[in-house]
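Read off the chains here:
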Amino acid sequence: MFPSYTQSRTQIAIVGAGPAGLMLSHLLAQAGIDSVAVDVRARREIEETHRAGILEQGSVDLLVDTGVSDRVHRDGYRHDGIELAFGGGGHRIDFQGLVGASTQLYPQTDVFADLADARRRDGGDVRFGVTDVSVGDLTTDVPVLRFTDADGIGHQIRADFLVGADGSRSLCRQQVPADERRQYFREYPFAWFGVLAEAPPSAPELIYNHSPRGFALISQRTETLQRMYFQCDPAENVDDWSEDRIWAELQARVGANGYHLNEGPIIAKTVLPFRSFVQEPMHHGRLVLAGDAAHTVPPTGAKGLNLALADVRVLAEELQRALAADDITPLATYSERALDRIWKAQHFSYWMTTMLHTLPDATAFDVRRQEGELVALTSSIAGSTYLAEAYTGWPQW
Ligand SMILES: Cc1cc2nc3c(=O)[nH]c(=O)nc-3n(C[C@H](O)[C@H](O)[C@H](O)COP(=O)(O)OP(=O)(O)OC[C@H]3O[C@@H](n4cnc5c(N)ncnc54)[C@H](O)[C@@H]3O)c2cc1C
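Residue positions are given per chain, counting from 1 as you read along its sequence in written order. Only residues with pLDDT of at least 70 get local features here, since the model is predicted, and only at 80 or more are side-chain atom pairs given and counted; chain-wide, interface and lining totals rely on the full set of residues.

Break down the pairing of strand E12 (residues 154–158) for me, with residues and values.
Relative to E12, strand E1 (residues 6–9) runs parallel, the two being bridged by 4 bridges. When the bridges of E12 are listed, Ser8 appears paired with Ile157. In this sheet, E12 lies alongside strand E11 (residues 144–148) in antiparallel orientation, the contact comprising 5 bridges. Opposite Arg146, over in E12, you have Gln156 as the bridge partner. A pair of strands counts as paired when DSSP detects no fewer than two bridges linking them. Secondary structure elements follow DSSP: runs of H or I no shorter than four residues count as helices, runs of E no shorter than two count as strands, and numbering proceeds from the N terminus.

Please set out the packing of helix H1 (residues 19–30) against helix H6 (residues 108–121) residue by residue, giving values where relevant.
Axis lines are fitted through C-alpha atoms, for helices just across the contact stretch, and the angle between N-to-C directions can take any value from 0 to 180 degrees. In the contact formed by H1 and H6, the axes pass within 10 Å of each other and the chain directions differ by 35°. Helix-helix and strand crossings are classified by hand; for H1 and H6 the assignment is left-handed. Along its contact with H1, which presents Pro19, Leu22, Met23, Ser25 and His26, the element H6 presents Gln108, Val111, Phe112, Leu115, Ala116, Ala118 and Arg119. By definition, turning the near helix anticlockwise from the far helix through less than a right angle yields a left-handed crossing, and turning it clockwise yields a right-handed one. Residues are scored as being in contact if the C-beta atoms we place from backbone atoms lie within 7 Å.

Help me get a handle on the site of the ligand, residues and values and all.
Any residue whose C-beta atom, as placed from the backbone, lies within 6 Å of a molecule or strand is termed near it. Within the structure, the ligand sits among 33 residues, and Gly16, Gly18, Gly167, Gly291 and Gly304 are positioned closest to it. Elements with a contribution of two residues or more to the shell around the ligand: H1 and helix H8 (304–325). No other element matches the 4 residues that H8 contributes to the shell around the ligand. Residue polarity is assigned by list, with Asp, Glu, Lys and Arg as charged and Ala, Val, Leu, Ile, Met, Phe, Trp, Tyr, Cys and Pro as nonpolar; anything else, Gly included, falls into the polar class. For the shell around the ligand, the class distribution of residues is 17 nonpolar, 10 polar and 6 charged.

Go over the packing of H8 against helix H9 (residues 329–356) with me, naming the residues and quoting the values.
Packing of H8 against H9 brings their axes to within 8 Å, and their N-to-C directions diverge by 165°. Between H8 and H9, the angle is such that the two are roughly antiparallel. Judged by the sense of rotation from one axis to the other, the crossing of H8 with H9 is right-handed. Here Leu307, Ala310, Asp311, Val314, Leu315, Glu318, Arg321 and Ala322 of H8 come into contact with H9, specifically with Pro330, Leu331, Thr333, Tyr334, Arg337, Ala338, Arg341, Ile342 and Ala345. Each angle receives one of four descriptions, namely roughly parallel if under 35 degrees, roughly antiparallel if over 145, roughly perpendicular if within 65 to 115, and oblique otherwise.

Quick one: what's the story with the sheet that holds strand E9 (residues 125–127), residue by residue and with numbers?
In space, the 6 strands of this open sheet follow the order E9-E3-E2-E13-E20-E19, with mixed pairing throughout. The open sheet has two edge strands, E9 and strand E19 (283–284), and neither has a second partner. Where strand E13 (residues 161–164) and strand E20 (residues 287–289) come together, 3 bridges link them in parallel fashion. Opposite Val163, over in E20, you have Val288 as the bridge partner.

Below, the structure is given as structure tokens:
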């Protein structure tokens with residue numbers, strides 16, 4: 001027997017209500033286009049998942065200029081540079097001096113809350129906590145999204161186009177036939193051990209710390225809460241790490257370059273594996289992919305969230321064209337336009353990762369060669385400018 005579904009119609013059905021899905025839904029609404037976005041997680045669960053923290057200038061402008069957030073400037077912290085620490089000292093990359101741009105420390109949890117609030121304020125149709133999600137009829141004129149809502153009611157929504165914004169374990173991505181997709185993949189032999197600590201900031205800007213013991217990133221959240229990471233084995237068990245052991249390891253890594261961290265209670269510990277992944281093209285029939293569903297980067301360089309927002313800015317434009325012409329050609333245009341930035345970001349994230357992390361079998365030569373690369377970079381206006389330009393974000397299209 002077939003399950004019974006409540007039938008309805010929308011213009012764009014969006015799988016995933018993370019930053020990519022919600023931002024797209026918001027931009028479409030501003031263009032007078034209806035959408036429905038669904039997410040398997042409850043709003044509270046997404047809001048409490050700590051992830052990205054650094055926004056490019058273009059991401060900040062997108063949130064502010066489209067009326068999503070007026071607090072990103074007020075509650076966030078502007079960073080005009082980063083510190084690269086290696087070889088016994090720190091070397092500042094001055095974003096403002098080099099490229100006249102900045103980044104904003106503003107956690108993804110707040111980006112998500114602002115987007116979810118904006119959708120609710122504007123009467124957007126977003127359903128959290130759904131189950132049994134599936135998509136179908138992708139190569140027909142009326143693709144379908146099916147799911148069971150949080151009250152147990154089955155829904156079947158026909159749409160003009162479907163968007164897979166369902167993150168790095170995307171269900172939608174798998175719907176593209178194997179002979180129509182190319183998948184590019186790289187795994188790394190290390191991960192990040194991430195902690196949230198109740199302590200005052202140890203530095204005004206992020207410190208990317210290279211050391212023979214492995215990489216560490218000193219980041220911030222607020223005046224009383226800090227985010228820090230250190231390179232670890234992907235199989236590391238967080239329970240093997242007491243607070244004392246974590247602080248000793250972090251202090252040893254940054255101490256090699258003359259820094260000292262303010263310590264405090266550690267309230268969260270996670271191991272974050274590293275992957276580089278791209279699926280091309282980012283469309284199939286009337287399905288299109290955006291954000292982590294189509295690509296992931298290692299977190300060094302802070303590109304993941306920013307790429308997701310950059311994708312949907314272009315996608316909203318191309319979906320408007322596709323709807324106006326009732327034609328799928330703009331979906332291919334979206335894929336080509338977005339992939340240009342995605343591969344630049346893939347390179348940047350890979351480069352930052354391999355320059356700063358120590359391979360498990362690294363020799364003394366390997367570590368000294370990395371230090372040589374870091375000296376070459378920080379002593380060169382051209383090298384530092386490339387880093388500053390990529391980190392703060394290439395111009396939007
Ligand atoms: C620990 C960590 C640190 C990071 N640090 C940074 C950083 O500093 N800077 C940066 O730019 N990026 C960072 N990233 C990456 C960034 O968080 C992601 O790139 C970003 O969340 C991508 O947004 P998205 O909307 O594409 O995907 P997601 O945020 O993953 O959202 C996808 C949504 O889809 C939902 N979903 C999944 N499957 C289904 C389904 N079948 N049906 C319906 N819904 C579904 C999920 O519940 C989720 O809410 C980090 C990531 C992690 C994990």
